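The primary structure of each chain is shown beneath.
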Amino acid sequence: MLRSLLFSLALLTASCGGAGGDRVGSSHGALPDRPIDLTLHTVGGGTVELADQRGGLVMLFVLATYDGLSQAAVRPVSRFTRDAEDTVVLGVVVEPNAAQFADVYQSTFRPPYTVVYDDTGTIALGTSELGELPGVPTFYMIDAHGLVVDRRSGFLGEHELFAMRDRARERGGIVASAPSAEPEQARAPRAAPAESAEPAEPAEPADEPAPDAGVP
């Protein structure tokens, strides 16, 4: 039912021009002047610390699951994610009940980027470290120093996403990582380790085998 509701809302929003307003545009507000240290939550119950991504490039694709432009952007963002192997891409769900709808979004679209959500609601309010949120979708490009170097709202094609990435790359600070046997792992965010599980109860010692009657 949630999946049906998501698509129904998307069609309604798209017919009204999308929640983000204009098709594409740059925000005129000042960009944050400090490294971004947000903690975002994954659908699987883990967390992603943006501070842990220092030395690499990060693109935040801030979206609402009901928004038509956010859904239209799934294809170019997915292509960018597969092609831009030096950039971690996070789809950030910002709306009421974000945890629930992030799960629906991931199971519906199965994107190659990591789906996360903001459980504080501050990104949507424009009071997070990212500063203002002009609308959805909005893309924040974060350089290897953790600074937002570009912010654009509305539908972006793959070439526009690469232009944002190139501006961040020019600022340097990228730390080369060892090649991975699995390319998808190289692009996965370095999430905080999960809490250790409670130690298992020690197993009962196995019964001693009965001695062989034929051995003296």
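Nothing here was measured: the structure is a model prediction, and the numbers come from that model. (Residues numbered from 1 in each chain as written. Predicted model: local features only at pLDDT ≥ 70, side-chain atom pairs only at ≥ 80, totals over all residues. Heavy atoms only, no water.)

Moving on: empty space enclosed by the protein. Left-over empty space is what a probe sized like a water molecule reveals as it rolls over the atoms. Per the counting criterion, the structure on display carries one cavity of 30 Å³ or more. Counted as a void, the largest cavity has a volume near 40 Å³. Together, Leu50, Gln53, Arg54, Gly56, Val58, Ile142, Asp143, Ala144 and Gly146 line the largest cavity. Tallied by class, the residues present in the lining of the largest cavity amount to four nonpolar, three polar and two charged. (1 Å grid on protein atoms, 1.4 Å probe; cavity = no way out; pocket = protein on both sides within 12 Å on 5 of 7 lines; lining within 4 Å. Points joined across faces, edges and corners; volume = space filled by probe spheres on them. Nonpolar A, V, L, I, M, F, W, Y, C, P; charged D, E, K, R; others polar.)

Take helix α4 (residues 98-109) next. Here α4 is twelve residues long and its end C-alpha atoms lie 16 Å apart, about the 16 Å a rise of 1.5 Å per residue gives. Ala98, Phe101, Ala102, Val104, Tyr105 and Thr108 are the residues of α4 that are buried. Looking straight down α4, one finds its buried side chains confined to an arc of 165°; they lie on one side. Residue Arg110 follows α4 closely and has a positive phi angle near 45°. (Helix = DSSP H or I, 4+ residues; strand = E, 2+ residues; numbered from the N terminus. Expected span 1.5 Å × (residues − 1). Buried < 20%, exposed > 50% of the residue type's maximum accessible area, 1.4 Å probe, protein only. Arc of directions from axis to C-beta.)

Quick look at unusual backbone geometry now. Residues Val136 and Pro137 are joined by a peptide bond in cis, for which omega reads -5°. Within the secondary structure, Pro137 sits in the loop between α5 (122-125) and β7 (138-142). With a phi angle near 55°, Asn97 is a residue other than glycine that sits in the positive phi range. One can find Asn97 in the loop between β5 (87-93) and α4. A relative accessible area of 53% places Asn97 in the exposed class.

Right, let's get into the pattern of salt bridges. Counted according to the given criterion, the structure contains seven salt bridges. Across the pair Arg54 and Asp37 runs a salt bridge whose closest N-O atoms are separated by 2.4 Å. On the criterion of sequence distance, the pair formed by Arg54 in the loop between β3 (47-49) and β4 (57-63) and Asp37 in the loop between β1 (24-26) and β2 (39-42) is long-range, its members being 17 residues apart. Under the relative-accessibility criterion, Arg54 is labelled partly exposed at 29%. Using a relative accessible area of 40% as the deciding quantity, one classes Asp37 as partly exposed. A salt bridge links Asp150 to Arg167, with the nearest nitrogen and oxygen atoms 2.4 Å apart. Note that Asp150 is positioned in strand β8 (residues 148-154) and Arg167 in helix α6 (residues 158-169), a separation of 17 residues in sequence. The class for Asp150 is buried, based on a relative accessible area of 10%. Overlapping salt bridges bring together Asp86, Arg165, Asp166 and Arg169 as one network. (Salt bridge = Lys/Arg side-chain N within 4 Å of Asp/Glu carboxyl O.)

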